[in-house]
Structure formats: C-alpha cells, structure tokens
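Summary of structural features
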Amino acid sequence: MNTDDINLAYKIRHALDEQLDHLPASTVDRLAAARAAAMARKKPDAARFGFASGAGWRGIGAFLAGPTVSRLAIAVPLMALVIGMGGFYQHEQQQQLAALADIDAAVLADELPLTAYLDPGFNAYLESQQRQQ
Amino acid sequence: MATDKELNDFLQNVERRAFKQAVYAVRKDESALDIVQDAMIKLAEKYGDKPAAELPMLFQRILQTTILDYFRREKVRNTWVSLFSGFGRGDGNDDDDFDILASLEAEQGSAAAESSADQVERTQTLRLIDDEVQKLPTRQREAFLMRYWQDMDVAETAAAMGCSEGSVKTHCSRATHALAAALQAKGITL
C-alpha cells in the first residue's frame, strides 16, 4: 500500500472513531454491564493459589497455631499411615529379594547349562517327555 | 500477567469498536451486543491470566469465532424455522431492502434537523463511510478494521484471522482501494 492508501485508511479510521462517540446511551450502558460481567468471571491468577505464593504456607501456619487436640487428631493418623506404608514397602522388597534368590539358587543348582533352554530342539524334547508322562 | 485493572482498561478501550465490528458482521445491534458480551466473558474466563500484550490478538480471535458461532446458530435456527413454519421468513431479508438515503432523510427530520448544515453533512458522510465499510467482503473488512482501527500489526492480525501475513496485506490493500473507489463514486473526499 502506498502513502495515499495509508492516509485514506487512517482518515477512515478517524471517521469510524468519531461515530463511536455517538453510540446510544443504552448501548454504552449495556457494554459497560457486559464488561463488569466479564471482570466478575475473570480467570483467577494461578500464582495466587500456588503453594509458593503463601496460601499453602498460611495453611500450615494456621494448622500449627491451632489447639493441641485437633493437631494430634490429624497428626497421629497421618504418622500411622506413613509408618504403615513404609513397613509395607520394606516387606515387599524383602519378598522380592527372597524370590530372586530362590530362582538364582535353582538355576545354579541345575546340571543343565542355561544355553540348553534356548535350544528349540531341547524344548521339543522336554515337551515330548511331558506328553509321554 | 494482566492485572484486573489492565484487563478492565483493555475491555473498556475495545468494547465500542468491537460492538461496531460485530454490527458490521451481523447487522443487528442486539445480537452484536450479545456477541461482544460473550467474547468479553470468554476472554476473561479463559485468558484472564495472559500477559496484557497478548489480549488484543486473543480478543479479536474470540470475537471472530463468536461471530462465526452466531452465524452457525442462525443457520440451524433458520433451517428449523423453514421446516416447521412458513411464517416470518421475510424478517431476515429486511436488510436487503435497506435504503441509506431513506434513513438519512429520517435522520434529517429528527436530531440532525436541529444541527447546522455542516453537522448534517458530516453526519451523512460518516454514515456513508460506515455503510461502505459494512459492504466490504468479510475478510477484507476484518483485516482492515484490525490493522487500522484496532492498531494491530500484520503478524497479530494474521494470527487472529488464521491466515498468512501476505493475505492480511492483500486484504487490507483491496479493502482500502474498494473504499477509496466507493467514496469517490459518491463524491466524498476525506
């Protein structure tokens, strides 16, 4: 676009702006009401609800400042839950270790080399033995 | 992130122009007000936490989408109306018979009649410009208004319209030439 076109575009813009001042009062009021409705439903600032912004810390502060009985009523079950989960995790780990040790022992005690199980012929032999039994 | 004040100021700044944009598209003041309200609420609800610099582009995009939704709903509604009833079909075609000269005469008979001759002439000129902008093809009008009325740059306009920057330049150029030719044909010099 050349300079004349741009000048014309801005003159038209000026004319359109001039018309905005003559909008009916009812329309202007309705637009203001629409704006107010939009502002009332504005998306809340994410940081405002974040832990680091202070809401989370304020919650902990309020909890610590509360009565001793209510603090215990929450803290004891929480502690029990944490200890229980820790114990369960430890037990599961022990079970897994024991199972792995059994498998290792069985493999090491076997006379057959491990590569025998990879041989398709040996597998076919085992199956035929099982069928005969 | 846009503060409440920034968002409020932004909406206050664009609301009248957005209303006129919607009127150009749908040609009904009531529907245009509903569209602008919907667009404002969508912007505040979904993008209220975006930086203030992104608001113009986002708002224009939402406004265009809301206008498109309006036309889709109207199409569906008209389909059902035409299926079940033959009444009231003439209502939507009233705009085709709209005579700018008749409306200008009516204006002269009321508020404008009290003003000076210059003011009447100025009012008529503004209305003719308004009419010519409304007559532009939709995409040309959108590009022209975003670039020169909403102060958006080429990249922002392209993002809001969902097209390339080259297309925006082409639409703007064609719109300006069309307006220049139309105003010249009516003897209007700006």
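Just so it is clear, the model here is predicted, and its values are computed rather than measured.

Right, let's get into the overall build of chain A. Looking only at helices and strands, one finds five helices and zero strands in chain A. From first element to last, N terminus to C terminus, chain A shows the α and β order α-α-α-α-α. Put simply, chain A has 133 residues, and 7% of those count as buried.

Moving on, we come to the interface of chain A and chain B. Between chain A and chain B, the residue contacts involve 27 residues of the former and 36 residues of the latter. For the side of chain A that touches chain B, the secondary-structure elements that each account for two or more residues are helix H1 (3-20) and helix H2 (25-40) of chain A. The biggest single contributor to the side of chain A that touches chain B is H1 of chain A, with twelve residues.

All names here are of chain B. Two numbers describe how helix H3 (residues 55-84) lies on helix H7 (residues 154-161): the axes approach to 8 Å, and their chain directions differ by 30 degrees. Relative to H7, H3 is oriented so that their crossing is right-handed. Counted together, Pro 56, Met 57, Gln 60, Arg 61 and Gln 64 of H3 and Glu 156, Ala 159 and Ala 160 of H7 form the full contact between these two elements. Split by residue class, the contact of H3 with H7 holds four nonpolar, two polar and two charged.

A separate point is the confidence of the model for chain B. Residues and elements named next belong to chain B. Per-residue pLDDT for chain B averages 82, and the proportion of residues at 70 or more is 83%. Model confidence for chain B, summarised as mean pLDDT per element, is weakest for helix H4 (residues 100-109) at 48 and strongest for helix H2 (residues 29-47) at 93. Counting contacts from residues 102-108, a segment whose pLDDT is below 50, to residues more than four positions away or on other chains yields six contacts. Taken together, the chains of this predicted complex give a pTM of 0.60 and an interface ipTM of 0.72.

Next up on the list: the nonpolar core. Taken as a class, soluble globular proteins show a tendency for nonpolar side chains to be buried jointly. Counting residues in hydrophobic clusters, the biggest one holds 48 residues, and the most contacted among them are Ala 22, Val 36, Ala 39 and Met 40 of chain B. By residue number, the principal contributor to this core is H2 of chain B, which donates nine residues.

Rules of the game
Residues numbered from 1 in each chain as written. Chains lettered and ligands numbered in written order. Predicted model: local features only at pLDDT ≥ 70, side-chain atom pairs only at ≥ 80, totals over all residues. Helix = DSSP H or I, 4+ residues; strand = E, 2+ residues; numbered from the N terminus. Buried ≥ 20, exposed ≤ 12 C-beta atoms within 10 Å, placed from the backbone. Contact = placed C-beta atoms within 7 Å. Axes fitted to C-alpha atoms, helices over the stretch in contact; angles between N-to-C directions. Left-handed = near helix turned anticlockwise from the far one by under 90°. Nonpolar A, V, L, I, M, F, W, Y, C, P; charged D, E, K, R; others polar. pLDDT = per-residue confidence, 0-100. Core = buried A, V, L, I, M, F, W, Y, C linked by C-beta atoms within 7 Å.

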